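If you want the building blocks of each chain, they are given just below.
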Amino acid sequence: MEPFPRRRILGRLRLTVLVCLLLSVPFLWQARAPIVAPVVWILGTGYFLGLFLPRYLRRRRLARIPLSDADREILERRVSFYAALSDADRAEYGTDVAIFLAEHRIEGVDGVEVTREVRLLVAASAVRLVFRRPDWEYGDFGTILIYPGGFRTDGTYSTDIAGESDPAIGLVHSGGNVILSLPHLQSAFRTGNDGLNVGYHEFAHVLDGTGPDGIPDALDLGAYRPWVEVMQREFEKVHKGRSLLRSYAGTDPAEFFACAVEAFFEQPDKVREKAPDLYAQLSRFFNQRP
Ligand SMILES: [Zn+2]
């Protein structure tokens, strides 16, 4: 996430001017020109200055002092990845975390108190995936709902899981909201190398895109074919019980991608050793070598 992406801002400015020209020029030779042309340009200016630009001006303000001392202390204590970063990378990561928190709603469900620590853990999960891709944006995907534990997957999303044999601990709803179970989010950062991290898993689903198919929207065109080949090979291995990924990865390609992302960030040595092609593809995609 770039705080102030000049190229993107200039590109949107050019596009806005072009649209205003296209909409207003045809009216210049008509009697309605004195009304239509000013209205088009007022709407265009309002869109750019009122809707598009403020987001980046706020980011630029945030980037000056992204996190407080208390925030940094929480991240150092709870997020081992952050604690191991260089000072420059910490500053960049902190800026991404602050931007993420400013641009996404996080709400507690069934009495869950969303403390600053909970918010930081959510943002730390999401930012970990996009940290080395400044050109990537999460976009507006909905509200992040923090649940007190597992929940039903019968469409009610109820936290009354009595009789439920395999409650969910996280989910990305087709409407955009992300659900995370608080105890599972917390334990993901307590045990950082067991291949399980509900935060990485669900935000990987968000990156997968609106039509989740295990092929993330941001995948370069040239990387499409190698990724699909590696995914299919490893997917078959999961089904034969010969993959390092857990069996849940064999549910469908979307779950394969999410489970592979978890393993890549949580157990990179194991992935590199047992599935070097998978490691290479994910490393290229995220521009990281964990
Ligand atoms: Zn999943």
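Cut-offs used in this document
Residues numbered from 1 in each chain as written. Predicted model: local features only at pLDDT ≥ 70, side-chain atom pairs only at ≥ 80, totals over all residues. Helix = DSSP H or I, 4+ residues; strand = E, 2+ residues; numbered from the N terminus. Buried ≥ 20, exposed ≤ 12 C-beta atoms within 10 Å, placed from the backbone. Contact = placed C-beta atoms within 7 Å. Core = buried A, V, L, I, M, F, W, Y, C linked by C-beta atoms within 7 Å. Domains from an automatic or database assignment. Pairing = 2+ DSSP bridges. Axes fitted to C-alpha atoms, helices over the stretch in contact; angles between N-to-C directions. Expected span 1.5 Å × (residues − 1). Arc of directions from axis to C-beta. Parallel < 35°, antiparallel > 145°, perpendicular 65-115°, else oblique. Left-handed = near helix turned anticlockwise from the far one by under 90°.

Regarding the overall build of the protein chain
Here comes step 1: Helix and strand content of the protein chain: 12 helices and 4 strands.
Here comes step 2: For the C-alpha atoms alone, the extent of the protein chain along its principal axes is close to 75 × 45 × 45 Å.
Here comes step 3: Residues counted as buried form 32% of the 290 residues belonging to the protein chain.
Here comes step 4: Within the protein chain, residue pairs in contact and separated by at least 24 positions form 63% of the contacts whose partners lie at least 6 positions apart.

Describing the nonpolar core
Here comes step 1: Ranked by size, the top nonpolar core spans 66 residues in total, and within it Val97, Ala260 and Val261 carry the most contacts.
Here comes step 2: When residues are assigned to domains, this core turns out to be shared by domain 2 (66-190) and domain 3 (209-290), each giving three or more.
Here comes step 3: The contacts of Val261, once residues within four sequence positions are left out, are Leu129, Tyr200, His201, Ala204 and Leu282.

Section: the sheet that holds strand β3 (residues 170-172)
Hydrogen bonds between backbone atoms are what pair the strands of a sheet, whose relative direction is either parallel or antiparallel.
Here comes step 1: Taken together, the 4 strands give an open sheet; going across it, the order is β1-β2-β4-β3, and neighbouring strands pair in mixed fashion. Where the open sheet ends on each side, the last strands, each with one partner, are β1 (106-108) and β3. Mean inter-strand twist for the sheet, computed between neighbouring axes without regard to direction, equals 20 degrees.
Here comes step 2: The sheet contact formed by β3 and strand β4 (residues 178-181) spans 3 bridges and is antiparallel. Residue Leu171 lies in a different strand from β4, and its bridge partner there is Ile179.
Here comes step 3: The sheet contacts of helix α7 (residues 182-190) involve β2 (144-147), β3 and β4, and relative to β4 the element is tilted by about 70 degrees.

A few points about the domain arrangement of the protein chain
Here comes step 1: Per the domain assignment, the segments of the protein chain are domain 1 (6-64), domain 2 (66-190) and domain 3 (209-290).
Here comes step 2: If you average the C-alpha positions of domain 1 and of domain 3, the two centres end up 41 Å apart.

Side note on helix α9 (residues 224-239)
Here comes step 1: If you check α9, its first and last C-alpha atoms are 22 Å apart, about what 16 residues at 1.5 Å a residue would give, namely 22 Å.
Here comes step 2: Regarding α9, the residues found buried are Trp227, Met231, Glu234, Phe235 and Val238. Buried positions in α9, seen along its axis, are confined to an arc of 110 degrees and lie on one side of it. Of the residues in α9, the exposed ones pointing more than 90 degrees away from the buried face are Arg225, Glu229 and Glu236.
Here comes step 3: Gly241 sits one or two positions beyond α9 and adopts a positive phi of about 75 degrees.

Points about the environment of Trp227
Here comes step 1: Tracing the backbone shows Trp227 in helix α9.
Here comes step 2: You can call Trp227 buried: it has 21 C-beta atoms within 10 Å.
Here comes step 3: Along the backbone, Trp227 and Ala280 are 53 residues apart, and their C-alpha atoms lie at a distance of 9.6 Å.
Here comes step 4: Contacts of Trp227, omitting those with residues within four sequence positions, involve Ile215, Leu219 and Gln281.

Describing the packing of helix α8 (residues 198-208) against helix α10 (residues 253-266)
Here comes step 1: α10 packs onto α8 with a crossing angle of 130 degrees between their chain directions and a minimal axis gap of 8 Å. It follows that α8 is oblique to α10 by the angle criterion. Judged by the sense of rotation from one axis to the other, the crossing of α8 with α10 is right-handed. On α10, the residues touching Tyr200, His201, Ala204, His205 and Asp208 of α8 are Ala254, Phe257, Ala258, Cys259, Val261, Glu262 and Phe265.

Focus on unusual backbone geometry
Here comes step 1: Positive phi, close to 55 degrees, is recorded for Asp110, a residue that is not glycine.
Here comes step 2: Mapped onto the elements of the fold, Asp110 is located in the loop between β1 and α6 (116-130).
Here comes step 3: When the 13 C-beta atoms within 10 Å are taken as the criterion, Asp110 is described as partly exposed.
Here comes step 4: Unlike most non-glycine residues, Asn287 shows phi in positive territory, near 55 degrees.
Here comes step 5: Its place among the elements puts Asn287 in the segment after α12 (276-286).
Here comes step 6: Taking the C-beta count within 10 Å as the criterion, Asn287 has 13 such neighbours and is therefore assigned partly exposed.

Description of the pairing of β4
Here comes step 1: Side chains Val178 and Leu180 of β4 all project onto a buried face; the interleaved residues Ile179 and Ser181 project onto the opposite face, where all are buried too.
Here comes step 2: In the sheet, β2 pairs with β4 via 4 bridges, with the strands oriented parallel. Bridging across to β4, Ile144 finds its partner in Val178.
Here comes step 3: Between β3 and β4, which pair antiparallel and follow one another directly, the connecting turn spans 5 residues, one of which, Gly176, has a positive phi of 120 degrees.

Considerations on the environment of Gly111
Here comes step 1: In this structure, Gly111 sits in the loop between β1 and α6.
Here comes step 2: Judged by the 7 C-beta atoms lying within 10 Å of it, Gly111 is exposed.
Here comes step 3: Gly111 sits 37 residues away from Pro148 along the chain, and the two C-alpha atoms are 7.8 Å apart.

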